[in-house]
Amino acid sequence: MTTRRDFIKKTTTGTAAVTLGSMVLPSWANARILGANDRINCAVIGVRSRAKAHVLAIHQDTNAKILYSCDVDDTILEEHNAWCQEHIGYVPKVEKDFRKVLEDKDVDAIFIATPDHWHAPMAIMGLQAGKHVYVEKPCSHDPHENDLLVAARNKYGKKVQMGNQQRSAKTSMMAVEDIKKGVIGNVFKGEAYYSNNRESIGHGKLIDVPQTLNWDLWQGPAPRESYRDNVHPYNWHWFRNWGTGEIHNNGTHEIDICRWALGVDLPETVTAFGGKYTFDDDWEFPDNQQVTYTFPGDKFITWTSHSRGIMKPERPGRGITIYGSKGVMELSRNFYKLYDLGGNLLKQEDEANISATLNTQGIGGLDVDHVGNFFNAIRKDTSLNSDIRDASVSTMLCHLGNLAYDAGHTIEIDTQTGKILNSEKAMQGWKREYENGWEPKL
C-alpha cells in the first residue's frame, strides 16, 4: 500500500496513472478513488493579516489540514490562535522559526505571507526541503530573486503558485476568452489603477525590540538595521530594505491582469514618473506614480497609483480597463463589464462570491478558487492558474517600474531576459545586498 507521502510525490511528478492491483485508471479518475492518501498538510508562515485568507481557503478543502502557524511575533501568534479557534475550529501547532517547519516531513505545502524580502528566499528553501509553495505576491524582492525562484522551481520540481488570485476569477477568465474571440477587436491598451488614502508613517524612533519579536529572524536575508517604532508589523512595505512599494503591494494584481488580457510578456520600454508628494516621513517609495510599458505589436500598459490621496473619486479604488478597436472591458476581482466604443454596457458578469479589494486581508471567494487550483495541481498534476514562471513576468514588470523610476529616464528592455539595456543606474537595483550567510542559493 502506498503511503500518503508516496502518493503526493507520485502525483506531482507527472505520473500518468494510478495502479490498484491489476486495474490501471487514468489520472483524471484519481479524485474518485482517493481517501486518506489525498490529504495535503500545510504550514502557514506569516500569520498577521493576509494569512487569514489562506487559512480560510485551506479550510474549505475537507482533505487539507493546517499543521503549523508560523510567525516571529508571539503577540501575532496568540491573536491568530484565537482567530483560528473561532473560524476553523482548531489551533495548529505554533512555531516561530520556519526552518523547523521545513524539517517536518509531514508538511507537504507551505503558504508564505511574510514581508516581501522573505518571499523568494523562503520559497526557495521550501522547495529545497521538498515542499510545494504558495507564495504571496510579489514573488521576489528584486529581479535577481525572480530569476532564482523560477530556476529553483525547475530544479526541484514542486508546484509554485503566486497569490495573484484574480487569475482564478471565472469572470476574468471569461473576459480573456472573449478577447481571444475578438469581441472588442484588436486590443492595444491595458490600464491598471489603484487609489488609497494612506496616512503618514512619521519618522521612526529607535526603541528596544519588543520581547515578543525575534527581530533577527524577521530581518532574515536583509542587511541588519536597528529596530524602529514605525516598521513592524505593516509599514515595512514602504522601506526598500524589506518592501517593494505600492506597485508591488497592489499593482502586481492589476498589471498582471492587463498583461494576461493583452497577451504580452516582457516589455520593450518602461517609463516611470511620480514622487513622494504628501507627507514628510520615512516612506521611501513614490506615493503617487505613473508607469507606462510598451510591448511588441504596438501594445501598452499603464499603471497609475495614488497611495496617499484618492485623486479619482469617480472610480472604484482599484481596477483594470482593457481597450480594443471595437470596444472596452472593465475588470475587477468581482465582475467583468463589456462596453461598446460609445460607452454603452453590453454585458456584465459577476463573481458568485465577493472578494475584498482594499483591506489588508483581501478575503474572498477567489482565494478559495486559487488555493483549490493549487491543491488540484498537487494532487492531479493539473495546470496552475498562476504558475511561477508566468507570475514572475508580472512581478518583473513591477520591478522594472521601480527601476525606471529610480533611473529617472525611459529604460529599454531585453524582451528575452528582462535585463535593462541602456541604464547602468537602473541595473544597480537588479540584485539586493544580503546579510552575511543569508543569500539564497540553488
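Here goes a summary of the coordinates provided.

The rules behind each value
- Residues numbered from 1 in each chain as written.
- Predicted model: local features only at pLDDT ≥ 70, side-chain atom pairs only at ≥ 80, totals over all residues.
- Heavy atoms only, no water.
- Helix = DSSP H or I, 4+ residues; strand = E, 2+ residues; numbered from the N terminus.
- Contact = heavy atoms within 4.5 Å.
- Areas by Shrake-Rupley, 256 points an atom, 1.4 Å probe, with all protein chains shown as cover.
- Pairing = 2+ DSSP bridges.
- Phe/Tyr/Trp six-rings, centres within 6.5 Å; stacked < 30°, edge-to-face > 60°.
- Buried < 20%, exposed > 50% of the residue type's maximum accessible area, 1.4 Å probe, protein only.
- Salt bridge = Lys/Arg side-chain N within 4 Å of Asp/Glu carboxyl O.
- 1 Å grid on protein atoms, 1.4 Å probe; cavity = no way out; pocket = protein on both sides within 12 Å on 5 of 7 lines; lining within 4 Å.
- Points joined across faces, edges and corners; volume = space filled by probe spheres on them.
- Nonpolar A, V, L, I, M, F, W, Y, C, P; charged D, E, K, R; others polar.
- Domains from an automatic or database assignment.
- Right-handed = clockwise from strand over helix to strand, strands pointing away.

A few words now on the overall build of the chain. Secondary structure summary: the chain contains 14 helices and 17 strands in total. Within the chain, contacts between residues at least 6 apart in sequence are counted, and of these 70% link residues at least 24 apart. Here the chain displays about 18200 Å² of accessible surface, and carbon together with sulfur accounts for 49% of that area.

Let us look at the pairing of strand β10 (residues 269-275). Successive residues of a regular strand alternate their side chains across the two faces of the sheet. Looking at chain direction, β10 and strand β11 (residues 288-295) are connected through seven bridges and run antiparallel. From the neighbouring strand, Thr269 faces β11, where its bridge partner is Thr294. Across two bridges, β10 lies against strand β17 (residues 411-412) in antiparallel orientation. If you follow Val270 over to β17, its bridge partner there is Ile411.

Turning to the packing of aromatic side chains, a few remarks are in order. Inspection of the entire model under this criterion finds 14 aromatic pairs. Ring centres of Phe111 and Phe375 lie 6.2 Å apart, and the angle between their planes is 75°; this geometry places the pair in the edge-to-face category. Within this pair, whereas Phe111 is found in strand β6 (residues 109-112), its partner Phe375 is found in helix α12 (residues 365-380), the two being separated by 264 residues in sequence. Neither residue differs from the other here; Phe111 and Phe375 are each classed as buried.

This part covers the pattern of salt bridges. Evaluation of the coordinates by the stated rule reveals 29 salt bridges. With a closest N to O distance of 2.9 Å, Asp406 and Arg240 form a salt bridge. Pair noted here: Asp406 is in helix α13 (residues 388-407) and Arg240 is in the loop between α9 (215-219) and α10 (246-249), with a separation of 166 residues, a long-range link. Among the residues examined, Asp406 registers a relative accessible area of 28% and is labelled partly exposed. In this structure, a network of salt bridges that share partners links the residues Arg167, Asp256, Arg259, Asp265, Arg389 and Asp390.

Our focus in this paragraph is the layout of surface pockets. Here the second largest pocket defines a volume of roughly 410 Å³. Taken together, 19 residues make up the lining of the second largest pocket; nearest its centre are His141, Arg240, Leu403, Asp406 and Gly429. Elements that contribute at least two residues to the lining of the second largest pocket include exactly α13 and α14 (424-427). Ranked by residues supplied to the lining of the second largest pocket, first place goes to α13 with four residues. A per-class count over the lining of the second largest pocket returns four nonpolar, eight polar and seven charged. Two domains share the lining of the second largest pocket, each providing at least three of its residues, namely domain 1 (37-165) and domain 2 (167-357 + 388-428).

Turning to helix α6 (residues 119-128), a few remarks are in order. Along α6, eight of the ten residues are buried, which leaves the element largely enclosed by surrounding structure. When α6 is considered as a whole, its buried residues turn out to be His119, Ala120, Pro121, Met122, Ala123, Ile124, Gly126 and Leu127. Residues of α6 that are buried make contact with β3 (40-45), α5 (98-103), β6, β7 (132-135), α7 (143-156) and β8 (160-162). Downstream of α6 by one or two residues, Gly130 has phi in the positive range, about 85°.

On to the pairing of β7, then. Here β7 shows a buried face lined by His132 and Tyr134 and a second buried face lined by Val133 and Val135. Where β6 meets β7, four bridges bridge the pair, whose relative direction is parallel. Within the sheet, the bridge partner assigned to Ala109 lies in β7 and is His132. In this fold, β6 hands off to α6, which returns the chain to β7; that crossover is right-handed. Two strands pair when backbone bridges link them, and β7 and β8 are joined in this way by three bridges, in the parallel orientation. The partner of Tyr134 across the bridge, within β8, is Gln161.

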